[in-house]
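Architecture and fold: a report
Residues per chain, in single letters:
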Amino acid sequence: MRIVQQMIESVRRAGAAIVANKLRGGLTTLGIVIGVVAVDTTMTAVNGLANNFARSVAVLGSDVLYVSRMPWVFQGTFFTFRNRPPLTVDEAEELERRVESAVAVNPTAHTFKDIKFRSTVLENMDIVGTTDRHMLVSSAVPELGRFLTAPEVRYRKFVCVIGSDIRDRLFEDIDPINKTIKIGRFSYRVIGVMEKQGGAGMIGGPNFDAMIYIPIHTMIKAYGGERRDFDIAVRARSQQALEDLRYQVIGEMRKIRRLSPAEEDNFTINQMDTLVGMFNNVMGVVLLIGMLITGIALFVGGVGVMNIMFVSVTERTREIGIRKALGAQRSTILVQYLCESAAICLFGGLLGLLIALGVTELIDRLLLPASISPPIVAIAIVVSIGVGVVAGLIPAVRAARLNPIEALRYE
Amino acid sequence: MALELQEVTKTYGSGAAEVPALRGVSLQIRSNEYVAIMGPSGSGKSTMMNIIGCLDVPTTGRYVLDGEDVSDLSESRLARIRNEKIGFVFQTFNLLPRADIFHNVELPLIYAGMRPGKRRSLAREALERVGLGDRLRARPNQLSGGERQRVAIARALVSQPSILLADEPTGNLDTVTGGEIMSLLDRLFEQGHTVVLVTHEAEIARHAHRIVRLRDGLIESDERQSEPKRGLA
Ligand SMILES: Nc1ncnc2c1ncn2[C@@H]1O[C@H](COP(=O)(O)OP(=O)(O)OP(=O)(O)O)[C@@H](O)[C@H]1O
Ligand SMILES: [Mg+2]
């Protein structure tokens, strides 16, 4: 009861003290403000990127293996991989026959061409040669029209399905279906538009929305295919079956390529795990930088608050003497100054939170979907109060230990 | 017996810088006495008041307050005793400048852990007793010196202490205002309070029933006054 009363009294006094020293308090809390903005923005960015990444993972599928020449994330040097033979469509078809436990096997290849509709040209766009099985290994679906069909792939039709970014940039308000666009020197009929996927573009991953899908055999016929590097997507029946599938695919690929037991694999199995690892590294760096800025800002802010509290204690030495003469305990004075320090920092923290809300809004509009969640608000509050308590501790102890007679005599 | 000092000494500093402020003082003050302490500057009056007020402890000797030996208590216990048994009135008023006078008077009760309802009515009552019941929300710097000292007296008596200690309560006031403060102390004495005051001025000391004179840290004389002065100076 007694201590609660005294705390209420302390918080009231702290509020009054802040109001009395608006400017000084405001300036000193700048570090806290920046610290809270930094911690909140970091958390928000990490959350946003993680959500974004989760969507990409969903698109690529966490139950899909990709057989490729190169690993997605290098370990070792580029030269060890450079002399590997490229994967071919024949190998993909051979693999499909052998690996019966897979849901689907789908080869893809990429080429970069300028595309054109009427007078609009987009340069160097990512053209994906693929098959109708793309629908079985990816979760993406057309939002308009349809995807490529098996006959279109087999008979090398000049049709294409475009990503939503391409639609926006090339057609604007025009209905793209059955319009003709040029990819390189060849004309294609647009048969579908993929729904917007968002994706890993932000962290340097592929931007699926800016891709154009054409039948793989059309690609070979139109742009050549002998030395083209294919990726082969192999989808497992379930995530649990992925590891078994992986060994099976490695075994079959080695047989297809007639590798002797002594030879190393001259292909790589990529899977989402690798990307997840890379993503975690990126996040680790973002977090580290964010925490570093936060730490420095909070440290500077904390030192500032400690300083202001020392000044405050010295200025009010006599007041402390009076309080002690009236029967204030050491603990009462201690709590009073800790509350004051915490309140100053909380004020800074709330200001920082307000700014962070603005920054988040900006990120949301310009970069990626982001929002401040209740845990982030809680972190801001807890962190600022915590800094206040730590920064106020030494000044508060000094105040609490003042000798009442000397404090009363202080001019 | 309200309080008793037994052979109390107080020495400041140590070694060569040692200053003996009190050199063996014995004094008994009964409940509802009105005592003035006089003496030249540096004779140890404030030092004695600090010990009586439990702001300080004797170097040697015993101090018994309300039957309890308080010569050697912890800081925390002393704070508790100050809160419950002592009411201070200072020469320089010593009000909290940022708080209104109501809060100033309420403060000892907050430290006593009293519930808000009760302490508010007691604080209002105390301010009414000193004639400031209509200025509750005024700040100290909006009041005259005499009014500030009345606030200090209200604060000193709000917790119904055993003793009111006043160290030169009129030292910063003119004669007329000082007289008003003294008549207020007189009235509190008549209502049953024990009052101990320090003063330089013989006129002020004449309000008391008993005058204790200090010199060089020792009691020089301790006399009763048969006809104390009453009312305004
Ligand atoms: N904190 C201290 N440290 C050292 N010496 C002190 C201290 N406080 C008081 N003294 C000394 O003790 C002696 C008594 O001081 P005290 O303040 O009790 O005198 P006083 O009678 O109240 O004087 P005044 O009438 O001027 O207020 C003086 O010599 C003073 O210098
Ligand atoms: Mg003195």
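Residues numbered from 1 in each chain as written. Chains lettered and ligands numbered in written order. Predicted model: local features only at pLDDT ≥ 70, side-chain atom pairs only at ≥ 80, totals over all residues. Heavy atoms only, no water.

1. Remarks on the overall build of chain A
Summing up its helical and strand segments, chain A has 15 helices and 10 strands in all. In terms of overall dimensions, chain A is more spread out than a globule: its C-alpha atoms have a radius of gyration of 32 Å, far above the 22 Å expected for 411 residues. Reported as C-alpha extents along the three principal axes, the dimensions of chain A are approximately 100 × 55 × 40 Å. Of all 411 residues assigned to chain A, the portion counted as buried reaches 50%. (Helix = DSSP H or I, 4+ residues; strand = E, 2+ residues; numbered from the N terminus. Rg over C-alpha atoms; globule rule 2.2 N^0.38 Å. Buried < 20%, exposed > 50% of the residue type's maximum accessible area, 1.4 Å probe, protein only.)

2. A word on the interface of chain A and chain B
If you look at the interface, chain A gives 24 residues, while chain B gives 29 residues. The junction of chain A with chain B conceals about 2,600 Å² of combined surface from both sides, 53% of it contributed by carbon and sulfur atoms. In this assembly, chain A and chain B are joined by 3 salt bridges. A salt bridge links B:E75 to A:K324; the shortest N-O distance between them is 3.7 Å. Between the two partners, chain A and chain B, sit 8 residue pairs in polar contact (both at pLDDT 80 or more). When contributions to the side of chain A that touches chain B are tallied by element, the ones reaching two or more residues are α1 (2-20), α12 (317-325), α13 (330-366) and α15 (404-409) of chain A. Among the elements that make up the side of chain A that touches chain B, the one with the highest residue count is α1(A) (7 residues). Looking at the side of chain A that touches chain B, its residues break down into 9 nonpolar, 5 polar and 10 charged. (Contact = heavy atoms within 4.5 Å. Buried area = accessible area lost by both parts, 1.4 Å probe. Salt bridge = Lys/Arg side-chain N within 4 Å of Asp/Glu carboxyl O. Polar contact = N/O pair within 3.5 Å; in protein donor to acceptor, adjacent residues only side chain to side chain. Nonpolar A, V, L, I, M, F, W, Y, C, P; charged D, E, K, R; others polar.)

3. With respect to the site of ligand 1
Lining the immediate surroundings of ligand 1 are 13 residues, of which B:S41, B:G42, B:K45, B:S46 and B:T47 lie closest. Surrounding ligand 1 are residues belonging to chains A and B, so the site spans chains. One of the side-chain nitrogen or oxygen atoms of B:S41 is found 2.5 Å away from an oxygen atom of ligand 1. For ligand 1, an oxygen atom lies 2.5 Å from a polar atom in the side chain of B:T47. Applying the majority rule of atoms within 2 Å of the grid points places ligand 1 in the second largest pocket. Taken together, the elements giving at least two residues each to the shell around ligand 1 come down to β2 (19-29) and α1 (45-52) of chain B. Considering every element that reaches the shell around ligand 1, the biggest residue donor is α1(B), with 3 residues. (Near = heavy atom within 4 Å. 1 Å grid on protein atoms, 1.4 Å probe; cavity = no way out; pocket = protein on both sides within 12 Å on 5 of 7 lines; lining within 4 Å. Sits in = over half its atoms within 2 Å of the grid points.)

4. Some words on a nonpolar patch on the surface
Together, A:L292, A:I296, A:F299, A:V300 and A:V303 make up an exposed nonpolar region whose accessible area comes to about 520 Å². Note that A:F299 resides in helix α11 (residues 272-315). (Patch = residues over 30% accessible without salt bridge, like charges linked within 9 Å, V, L, I, M, F, W, Y side chains within 5 Å. Areas by Shrake-Rupley, 256 points an atom, 1.4 Å probe, with all protein chains shown as cover.)

5. Regarding the pattern of salt bridges
Residues and elements named next belong to chain A. Using the criterion set out here, one finds 38 salt bridges over all chains in the structure. As a salt-bridge pair, E143 and R167 come within 2.9 Å of each other at their nearest N and O atoms. Of the two residues, E143 is situated in strand β4 (residues 142-145) and R167 in helix α8 (residues 164-170); the sequence distance between them amounts to 24 residues. What makes E143 partly exposed here is its relative accessible area of 40%.

6. Observations regarding the domain arrangement of chain A
Along its sequence, chain A is carved into domain 1 (2-55 + 277-409) and domain 2 (85-266). For domain 1 of chain A and domain 2 of chain A, the distance between their C-alpha centroids amounts to 53 Å. (Domains from an automatic or database assignment.)

7. Here we look at unusual backbone geometry
Even without being a glycine, A:R156 presents a positive backbone phi close to 55°. The phi dihedral of B:N32 is positive, around 55°, even though this residue is not glycine. Overall, B:N32 belongs to the partly exposed group, its relative accessible area being 35%.

8. A closer look at the packing of helix α4 (residues 116-129) of chain B against helix α5 (residues 145-157) of chain B
All names here are of chain B. The interhelical angle for the contact between α4 and α5, taken along N-to-C directions, is 135°, at an axis separation of 9 Å. When the interaxial angle is binned, α4 and α5 end up oblique. Judged by the twist between their axes, the crossing of α4 over α5 is right-handed. Contacts between α4 and α5 involve A126, L127 and R129 from the first element and V151, A154 and L157 from the second. (Axes fitted to C-alpha atoms, helices over the stretch in contact; angles between N-to-C directions. Parallel < 35°, antiparallel > 145°, perpendicular 65-115°, else oblique. Left-handed = near helix turned anticlockwise from the far one by under 90°.)

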